[in-house]
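As a plain string of letters, each chain reads:
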Amino acid sequence: MRLTFHEPRFLTSATEPSQYPHTHLPEIAIIGRSNVGKSSLLNHLFRHRGLAKTSRVPGKTRLINFFCIDNQLVFVDLPGYGFAKKQDEGWGSMIETYLTQREHLRLILFLLDSRHEPSELDKQMAAWLQHLHFRTIVVLTKVDKLTKSERTRHPGMILKIFGEQLPPYVEYSSTHNEGRNELIALIGKNL
Ligand SMILES: Nc1nc2c(ncn2[C@@H]2O[C@H](COP(=O)(O)OP(=O)(O)O)[C@@H](O)[C@H]2O)c(=O)[nH]1
Ligand SMILES: [Mg+2]
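Now for a look at the structure at hand. (Residues numbered from 1 in each chain as written. Chains lettered and ligands numbered in written order. Predicted model: local features only at pLDDT ≥ 70, side-chain atom pairs only at ≥ 80, totals over all residues. Heavy atoms only, no water.)

## Re the overall build of the protein chain
Move 1: What the protein chain contains, in helices and strands, is six helices and seven strands.
Move 2: Taken from N to C terminus, the helices and strands of the protein chain fall in the order β-β-α-β-β-α-β-α-β-α-α-β-α.
Move 3: Its C-alpha atoms give the protein chain a radius of gyration of 15 Å, within 12% of the compact-globule value 16 Å for 191 residues.
Move 4: For the protein chain, the spread of C-alpha atoms along the three principal axes comes to 45 × 40 × 30 Å.
Move 5: The buried share of the protein chain, reckoned over its 191 residues, is 49%.
Move 6: Pairs at least 24 apart in sequence give 74% of the contacts found in the protein chain among residues at least 6 apart. (Helix = DSSP H or I, 4+ residues; strand = E, 2+ residues; numbered from the N terminus. Rg over C-alpha atoms; globule rule 2.2 N^0.38 Å. Buried < 20%, exposed > 50% of the residue type's maximum accessible area, 1.4 Å probe, protein only. Contact = heavy atoms within 4.5 Å.)

In structure tokens form, the structure reads like this:
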């Protein structure tokens, strides 16, 4: 699929299926813990500062946010996990419902903070995505904070949670403009 990425547009926010938009475009969901850089990635991909809200306060996005690009694709900014136990209670069912019921969902962008070892929740999420046979691209965020030698650990880090088969992955920095073209190409290839 040839992707253009010209005109992004916010569609709607939802907590349950009756509120999902009635689109028939292929959909891509963005998953990762709170503060990993999901909204920043979307804004950077869209070249639109502030379309997806970013925050220094972890755990602020409690809604599923839908965006459309060029009437070609829908991107879905899912609420992050691993912030506060209490707030996470509704998270599980909201995300599970979305992942298991959304027919047009084609691809997952699974974000991992490149600076940290994956958490237990990251591992559980990876196992679950594999169990459900989702096509997944791993995005290592905030690589601007790493040295070149630290980056060589990345394939090993991903293998630790995805088992023997290394999924496609890209090293990304929204602040230092790295990984965008590579990610768009990978998305096109995997749709
Ligand atoms: N250095 C650096 N900081 C980033 C990057 N992406 C996001 N951040 C910061 O990480 C914090 C959380 O980002 P956000 O996109 O709101 O994360 P979300 O909770 O996953 O949506 C914000 O303070 C961002 O400025 C990046 O590529 N590099
Ligand atoms: Mg966010």
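We are not done yet, so read on.
## Focus on the packing of aromatic side chains
Move 1: On inspection of all chains with the given rule, the structure shows eight aromatic pairs.
Move 2: With a centroid separation of 5.8 Å and 75° between ring planes, the pair formed by Y20 and Y98 is classed as edge-to-face. One end of the pair, Y20, is in the loop between β1 (8-14) and β2 (27-31); the other, Y98, is in helix α2 (residues 85-101), and 78 residues separate them in sequence. Of the two residues, Y20 and Y98, both sit in the buried class.
Move 3: Put simply, the rings of F5, F10, F46, F67 and F75 touch in pairs and so form one group of aromatic residues. (Phe/Tyr/Trp six-rings, centres within 6.5 Å; stacked < 30°, edge-to-face > 60°.)

## Some details on the site of ligand 1
Move 1: In the vicinity of ligand 1 there are 17 residues, among which N35, K38, S40, D144 and S174 approach most closely.
Move 2: Between ligand 1 and N35 there is a distance of 2.8 Å, counted from an oxygen atom to a backbone nitrogen or oxygen.
Move 3: A distance of 3.0 Å separates an oxygen atom of ligand 1 from a polar backbone atom of S39.
Move 4: Here the residues of the shell around ligand 1 sort into one nonpolar, ten polar and six charged. (Near = heavy atom within 4 Å. Polar contact = N/O pair within 3.5 Å; in protein donor to acceptor, adjacent residues only side chain to side chain. Nonpolar A, V, L, I, M, F, W, Y, C, P; charged D, E, K, R; others polar.)

## Considering the sheet that holds strand β5 (residues 105-113)
Move 1: The mixed open sheet is built from seven strands, whose spatial order is β1-β3-β4-β2-β5-β6-β7. Of all strands in the sheet, those with a lone pairing partner are β1 and β7 (169-171), marking the two edges. The mean angle between the axes of side-by-side strands here comes to 20°, regardless of whether they run parallel or antiparallel.
Move 2: Pairing between strand β6 (residues 136-141) and β7: three bridges, direction parallel. Note that in β7 the partner of L140 across the bridge is E171.
Move 3: Helix α5 (residues 154-162) contacts β5, β6 and β7 of the sheet and is inclined by roughly 130° relative to β6. (Pairing = 2+ DSSP bridges. Axes fitted to C-alpha atoms, helices over the stretch in contact; angles between N-to-C directions.)

## Focus: helix α1 (residues 38-46)
Move 1: Most of α1 sits inside the fold, with eight of its nine residues counted as buried.
Move 2: Restricting attention to buried positions, one finds in α1 the residues K38, S39, L41, L42, N43, H44, L45 and F46.
Move 3: Looking at the residues trailing α1, positive phi occurs at R47, about 50°.

Everything listed is a geometric property; what it means functionally is a separate question.
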